[in-house]
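Listed here are the chains, written in short residue letters.
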Amino acid sequence: MPFSSFLIKPMQRITKYPLLIGKILENTPVYHPDHDNVSSALEKAEELCTQVNEGVREKENSDRLEWLQSHVQCDGLAEELIFNSLTNCLGQRKYLYSGPLVKAKSNKELVCFLFNDFLLLTTATKQGIVTFDIDAKPGILYKMYRYPLFLNEISVKIPSEKNDENAFNLSHIDKVYTLKTDSAAARTKWLNKIEEATTVFVETEKKKREKAHQARAQRSKGVGRLLVVILEGADLKPVDRNGLADPYCEVSMGVQEHKTKIIQNSLNPKWNSSMQFIVRDTDQDVLCITVFDRDLFSPNDFLGRTEIRVSDITREIQDPKVRRPIVKKLLLHEVETGEVTDRKSVV
């Protein structure tokens, strides 16, 4: 037996424990004093087995993503695409499926990679790829053919024309790609994989929107309303490859939250976004303004935050020497540079 077989034996033993303990439990009478202990041991063994299997899947996913990082060239993107990283809204990026596809009109050969947040169409530096196995770690470089297609923007279906049972349509916003597989079974697998992934993506986004809507719907009557206009930002931290950022603000007070629009490629954005908040307790409520750089392939970059107590706002408004509505420049904290200008009033 080779040495490598001995290295894997401890893990194989772990997967056998639930079977062995299960057999013991089957032959242990319910009235036996060890029955509860054996039952508990089986539960813990199954839990351990699940953890080990999940760890193995995570390691395999990480290895595949690292291979993609060194073999897929994504030149031309505004932000760096790191495959083995967190996505913007779905947690850890997961590799789901890949394989060769052919554009029906041009017969252009593609190798496509499906992840839990986007579909990537690439071309190989070596043509004539009939099969593709990512776990074989092929020593071929791939170039991005189209900008990554986010799963909430695509759909797939079988063409109405039945002249090719291996083809399917991939729709992205206002563009349709007709792609061919090498078999009807491969087409079915691609359709299923893409539909499953898009459903998870869309449902996750839907749940987030519903949660935000519920938070707004739970507003109770307070002692007043705080009207806020986020006017602009200045000297924000540059975080993108081009030395700029795509900033927006998340403004919250307790569970109430609003967002400004995203301004592309700017360190001095003009938002002019209006919002209002229900004030429940002027002594306890705090208005929080957090600035982010909007990213597509990773969590949004933090550009600073600032907080203002509602009691301080009302105190300023009641001061006859202060001009109303209050317009203030607020320095952003936890970053080296940046400020936000807002306008506030209480009614």
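Residues numbered from 1 in each chain as written. Predicted model: local features only at pLDDT ≥ 70, side-chain atom pairs only at ≥ 80, totals over all residues. Heavy atoms only, no water.

Along its length, the chain carries four helices and 17 strands. Against the compact-globule benchmark of 20 Å for 347 residues, the chain has a radius of gyration of 28 Å, which places it well outside the compact range. Projected onto the principal axes, the alpha-carbon positions of the chain cover approximately 85 × 70 × 45 Å. The buried share of the chain, taken over its 347 residues, is 42%. Carbon and sulfur atoms make up 51% of the accessible area of the chain, which totals about 20300 Å². Side chains of the chain carry 50 positive and 49 negative charges; the gap between the two charge centres is 4 Å. (Helix = DSSP H or I, 4+ residues; strand = E, 2+ residues; numbered from the N terminus. Rg over C-alpha atoms; globule rule 2.2 N^0.38 Å. Buried < 20%, exposed > 50% of the residue type's maximum accessible area, 1.4 Å probe, protein only. Areas by Shrake-Rupley, 256 points an atom, 1.4 Å probe, with all protein chains shown as cover. Lys, Arg positive; Asp, Glu negative; His and termini not counted. Charge placed at Lys NZ, Arg CZ, Asp CG, Glu CD.)

Moving on: the layout of surface pockets. Approximately 1000 Å³ is the volume found for the largest pocket. Among the elements of the structure, α3 (184-217), β11 (247-253) and β12 (256-259) are those that each provide at least two residues to the lining of the largest pocket. Residue contributions to the lining of the largest pocket peak at eight residues, all from α3. When its residues are assigned to classes, the lining of the largest pocket shows ten nonpolar, nine polar and eleven charged. (1 Å grid on protein atoms, 1.4 Å probe; cavity = no way out; pocket = protein on both sides within 12 Å on 5 of 7 lines; lining within 4 Å. Points joined across faces, edges and corners; volume = space filled by probe spheres on them. Nonpolar A, V, L, I, M, F, W, Y, C, P; charged D, E, K, R; others polar.)

Before going further, it helps to spend a moment on the pairing of strand β3 (residues 109-115). Among the seven residues that make up β3, six are buried, leaving the element largely enclosed by the rest of the structure. With seven bridges joining them, strand β2 (residues 95-103) and β3 adopt antiparallel strand pairing. Bridging across to β3, Pro100 finds its partner in Val111. Linking β2 back to β3 in an antiparallel pair, the connection comprises five residues, with Asn107 at a positive phi of about 60 degrees. A loop of two residues connects β3 with strand β4 (residues 118-124), the two strands running antiparallel in sequence. (Pairing = 2+ DSSP bridges.)

Attention shifts here to the sheet that holds β12. Spatially, four strands are ordered β12-β11-β14-β15 in an open sheet, and the strand pairing comes out antiparallel. The sheet is open, and its two borders are formed by β12 and β15 (301-309), each paired with just one other strand. Shown here is a sheet whose adjacent strand axes are inclined to one another by a mean of 15 degrees, direction ignored. Taken together, the eight bridges between strand β14 (residues 286-293) and β15 define a ladder with antiparallel strand orientation. Bridged to Thr290 within β15 is Arg305. Running over the sheet, helix α4 (residues 310-318) touches β11, β14 and β15 and is turned about 55 degrees from β15. (Axes fitted to C-alpha atoms, helices over the stretch in contact; angles between N-to-C directions. Contact = heavy atoms within 4.5 Å.)

All chains considered together, the criterion is met by twelve aromatic pairs. Taking 4.9 Å as the distance between ring centres and 45 degrees as the angle between the ring planes, the aromatic pair formed by Phe115 and Phe118 counts as tilted. Between the aromatic rings of Phe118 and Phe297, the centroid separation amounts to 5.6 Å while the plane-to-plane angle is 75 degrees, which identifies the pairing as edge-to-face. On the criterion of sequence distance, the pair formed by Phe118 in strand β4 and Phe297 in the loop between β14 and β15 is long-range, its members being 179 residues apart. Accessibility expressed as a relative area gives 0% for Phe118, which makes it buried. Cluster of aromatic residues (ring-pair linked, three or more members): Phe83, Tyr95, Phe115, Phe118, Tyr147, Phe150 and Phe297. (Phe/Tyr/Trp six-rings, centres within 6.5 Å; stacked < 30°, edge-to-face > 60°.)

Let us now look at unusual backbone geometry. The residue Asn107 is not glycine, and still its phi comes out positive at about 60 degrees. For Asn265, which is not a glycine, the phi torsion comes out positive at approximately 50 degrees. Positionally, Asn265 belongs in the loop between β12 and β13 (270-279). Looking at Asn265, the relative accessible area reads 44%, which means it is partly exposed.

To continue, consider the nonpolar core. By size, the foremost hydrophobic cluster in this structure holds 27 residues, and its most contacted members are Leu226, Ile230, Val251, Trp271, Phe277 and Val291. Elements with a contribution of two residues or more to this core: β10 (224-234), β11, β13, β14, β15, α4 and β16 (326-331). The biggest single contributor to this core is β13, with four residues. Apart from the residues lying within four places of it in its own chain, the contact partners of Val251 are Ile230, Gln256, Glu257, His258, Met275, Phe277, Leu287, Cys288 and Ile289. Leu114, Phe168, Leu170 and Trp190 belong to the second largest nonpolar core, which has 23 residues in total. (Core = buried A, V, L, I, M, F, W, Y, C linked by side-chain atoms within 4.5 Å.)

Oppositely charged side chains are able to pair whenever their charged atoms sit close together. In total, this model carries nine salt bridges according to the counting rule given. Here Arg93 ties to Asp117 by a salt bridge, and the two come within 2.9 Å at their closest N and O atoms. You can see Arg93 sitting in the loop between β1 (72-73) and β2 and its partner Asp117 sitting in the loop between β3 and β4, a full 24 residues away along the chain. Summarising the burial analysis for this pair, Arg93 and Asp117 share the class buried. Its salt-bridge partner being Asp312, residue Arg315 comes within 2.7 Å of it at the nearest N-O pair. Taken together, the residues Arg315 and Asp312, both in helix α4 and three residues apart, mark about one turn of the helix. For Arg315, a relative accessible area of 52% translates into the label exposed. On the basis of relative accessible area, Asp312 is assigned to the partly exposed category, the value being 31%. (Salt bridge = Lys/Arg side-chain N within 4 Å of Asp/Glu carboxyl O.)

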